[in-house]
Amino acid sequence: MEPGENTPFYLQENGKNFDPEDLDRVSIAPMLEITDSHFRTFCRLLTTRSTLYTEMINADTILNNPNTQLILGFNPVEAPLILQLGGSDPEKLGRAARIAAGFGYAGVNLNCGCPSPRVTLGCFGASLMTSPDLVAKCMTAMAESGMPVSVKCRIGVDDNESFEFLRNFVEVVSRDSPTRHFVIHARKALLKGLNPKENRTVPPLKYEVVYRLAEEFPHLQFSLNGGVRSASEGKNVLASARLRGVMIGRAAYENIWQLSAFDSAFFGKKDPGFSRQQVILKYAEYCDRAMALNPMLNLHTMVRPLLSLFIGQKGATVFRRILSEKQYIDQYKTVRGLAAFAVETIGRMNPSGMTEPYVEQRIHGQAPDKKDPAPAPRKANSAEKEKV
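Keep in mind the model is a prediction, meaning the values are calculated, not measured.

J.: Hey, could you go over the pattern of salt bridges for me, with residue numbers and the actual values?
T.: On inspection of all chains with the given rule, the structure shows 16 salt bridges. One salt bridge in this structure joins arginine 167 and glutamate 164, with 3.8 Å as the shortest N-O distance. One end of the pair is arginine 167 and the other is glutamate 164, both in helix α7 (residues 163-175) and 3 residues apart, which spans about a single turn. Among the salt bridges present, the one from glutamate 254 reaches arginine 229, with a minimum N-O distance of 2.6 Å. Highlighted residues: glutamate 254 in helix α11 (residues 250-254) and arginine 229 in the loop between β7 (221-225) and α10 (231-240), separated in sequence by 25 residues.

J.: Provide a residue-level description of the packing of aromatic side chains, including the pertinent values.
T.: As enumerated under the stated definition, the model contains 10 aromatic pairs in all. With 5.7 Å between their ring centres and 35° between their planes, tyrosine 283 and tyrosine 286 make a pair best called tilted. Here tyrosine 286 and tyrosine 283 lie together in helix α13 (residues 276-293), a separation of 3 residues that amounts to about one turn. In this pair, the class of tyrosine 283 matches that of tyrosine 286, namely buried. What links up through ring pairs into an aromatic cluster is the set Phe42, Tyr283 and Tyr286. The aromatic ring of phenylalanine 163 is capped on one face by arginine 212, whose charged end is 3.9 Å from the ring centroid. Geometry around phenylalanine 310 places arginine 276 over its ring, the cationic atom sitting 5.0 Å from the centre.

J.: So what about the side chain of serine 145? Which residues, and what values?
T.: Mapped onto the elements of the fold, serine 145 is located in the loop between α6 (132-143) and β5 (149-157). Taking relative accessible area as the criterion, serine 145 reaches 14% and is therefore assigned buried.

J.: Please set out the environment of asparagine 109 residue by residue, giving values where relevant.
T.: Following the sequence through the fold, asparagine 109 ends up in strand β4 (residues 107-112). Filtering out sequence-adjacent residues up to four positions away, asparagine 109 remains in contact with Tyr53, Ile82, Leu83, Gln84, Leu85, Met142, Ser150, Val151, Lys152 and Val183. A distance of 3.0 Å separates polar atoms of two side chains, one belonging to asparagine 109 and the other to glutamine 84. For asparagine 109, the side chain forms a polar contact with the side chain of serine 150, separated by 2.9 Å.

J.: Residues and numbers for the packing of helix α4 (residues 90-100) against α6, please.
T.: At a closest axis distance of 7 Å, the pairing of α4 and α6 adopts a crossing angle of 25°. In terms of orientation, α4 and α6 fall into the roughly parallel class. In this structure, α4 meets α6 at a crossing whose hand is right-handed. Along its contact with α4, which presents Pro90, Leu93, Gly94, Ala97 and Arg98, the element α6 presents Leu134, Lys137, Cys138, Ala141 and Met142. Residue composition of the contact of α4 with α6, grouped by class: 7 nonpolar, 1 polar and 2 charged.

J.: Lay out the nonpolar core with the relevant residues and their values.
T.: Within the largest apolar cluster, 120 residues are counted, with the highest numbers of intra-cluster contacts made by Phe169, Phe222 and Leu309. Considering each element in turn, this core owes the most residues, 8 residues, to α13. Residues in contact with leucine 309, not counting those within four places in the same chain, are Phe42, Ile256, Trp257, Arg276, Val279, Ile280 and Phe319.

J.: Help me get a handle on the pairing of β4, residues and values and all.
T.: Looking along a regular strand, one sees side chains alternate from face to face of the sheet. Taking burial as the measure, the 6 residues of β4 include 6 buried ones, the bulk of the element. Here β4 shows a buried face lined by Gly107, Asn109 and Asn111 and a second buried face lined by Val108, Leu110 and Cys112. Where strand β3 (residues 81-86) meets β4, 4 bridges bridge the pair, whose relative direction is parallel. Paired with glutamine 84 across the two strands is asparagine 109, which belongs to β4. Taking the sense of rotation as the criterion, the β-α-β connection linking β3, α4 and β4 turns out right-handed.

Cut-offs used in this document
For every chain, the first residue of the written sequence is number 1, and numbering continues from 1 onward in sequence order. Confidence filtering applies because this is a predicted model: local features only for residues at pLDDT of at least 70, side-chain atom pairs given and counted only at 80 or more, and all residues used for totals across whole chains, interfaces and linings. No hydrogens and no water enter the side-chain calculation; it runs on all heavy atoms of the structure. Salt bridge criterion: a side-chain nitrogen from Lys or Arg within 4 Å of a carboxyl oxygen from Asp or Glu. Helix and strand definitions here come from DSSP, where helices need a minimum of 4 consecutive H or I residues and strands a minimum of 2 consecutive E residues; each element is numbered from the N-terminal end. Classification of ring pairs uses Phe, Tyr and Trp, with its six-membered ring standing for Trp, and accepts pairs whose centres are within 6.5 Å; under 30 degrees between planes counts as stacked, over 60 as edge-to-face, and the remaining range as tilted. Working definition: with a 1.4 Å probe on protein chains only, accessible area under 20% of the residue-type maximum means buried, over 50% means exposed, and in between means partly exposed. A positively charged side chain is recorded as over a ring if its NZ (Lys) or CZ (Arg) lies within 6 Å of the ring centre. The angle to the ring normal must also be within 35 degrees. When checking whether two residues touch, look at their non-hydrogen atoms; a contact exists if any pair is within 4.5 Å. For this analysis, a polar contact is any N or O atom pair within 3.5 Å, provided that within protein one partner can donate a hydrogen and the other can accept it, and provided that sequence-adjacent residues contribute only side-chain to side-chain pairs. Axes here refer to lines fitted to C-alpha atoms; in helices the fit is confined to the stretch in contact. Angles between the N-to-C directions go from 0 to 180 degrees. Oblique is the label for every angle not falling under 35 degrees (roughly parallel), over 145 degrees (roughly antiparallel), or within 65 to 115 degrees (roughly perpendicular). By convention, the crossing between two helices is left-handed when the near helix turns anticlockwise from the far helix through less than a right angle, and right-handed when the turn is clockwise. Polar here means any residue other than Ala, Val, Leu, Ile, Met, Phe, Trp, Tyr, Cys and Pro, which are nonpolar, and Asp, Glu, Lys and Arg, which are charged; Gly is therefore polar. Each nonpolar core is a collection of buried residues, namely Ala, Val, Leu, Ile, Met, Phe, Trp, Tyr and Cys, held together in the definition by side-chain atoms within 4.5 Å. By this definition, two strands are paired if DSSP reports at least two bridges between them. Crossover handedness is defined here as right-handed if the route from the first strand over the helix to the second strand goes clockwise, with the strands pointing away from the viewer.

Right, here's the structure in full:
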């Protein structure tokens, strides 16, 4: 997606000619405090075809906030984008979905997999898996919005970990509602004894359970989530069973540069082809414009999607420090000023890393490059200080 000469990339409409058959072939998981509009906008500099998801939004948040544009609005470039809702009241979920329908989402998903205690106390998230009849009612109400509906769940919850439990959940929800797509995190959720972070890693992955579901329900569609850390791993999963797609979670922001090869890897299409330097500077322009329009945004929050851009590369630690530490933020004021300094500094340390395409490598658990010293801030020039 090469932006038009006079139109910033974030104002271009992505997904206009998107093939519905490609939806969810590879997707970036909904993650609280990560997959906000700014993260998704940055993702589109790397992949134009991967399906993106919002953070989970509680139905009450939509119904109780008169500024629905603030809650549901998104940049045209973020499409195709699926809204994930949280809740357990069919009437409220239906109303929230109908409100959201006018914003151009590619679909709406119900969270039946989140193990957070806060979510569990609200009787939704993973705890909903024990109430498939209620989930079916919720999905039926959400489908009245006219948007395609899907469920994201686990393979089990607490002591309910048999295949029969999961099969019954899928059978009831699909039989009693229009739901035909299930995104399955291939771990069970332990609501008693594990925190949300532990729930992402401690329960063992059981891909074979998802593969078996796909075989037993050939009229339904399944996507697998959990433990997939690269395009090659995702393609191996898709080649192993009759699945609609694969969903990538934490690895997408822990090593975000890998998304720049997703369009070719999963769709056989040309990647956007931007270098690290190009995506940094293009995203910085977007950030400064967004901050000028919304004074509530801050520089520290806006640069978070960039932090893993050099993971596994020389200069990665220095790059993160430049974008994160107060001395640099105070010096440069704008994201463009900060970005220009980061590009200049890392460009000297690792010139090829600024221009080379993504090459898949094992980076999980790699020690940071602590030997790289942090640079001293240089004096920003007038162009860098200028606000959008």
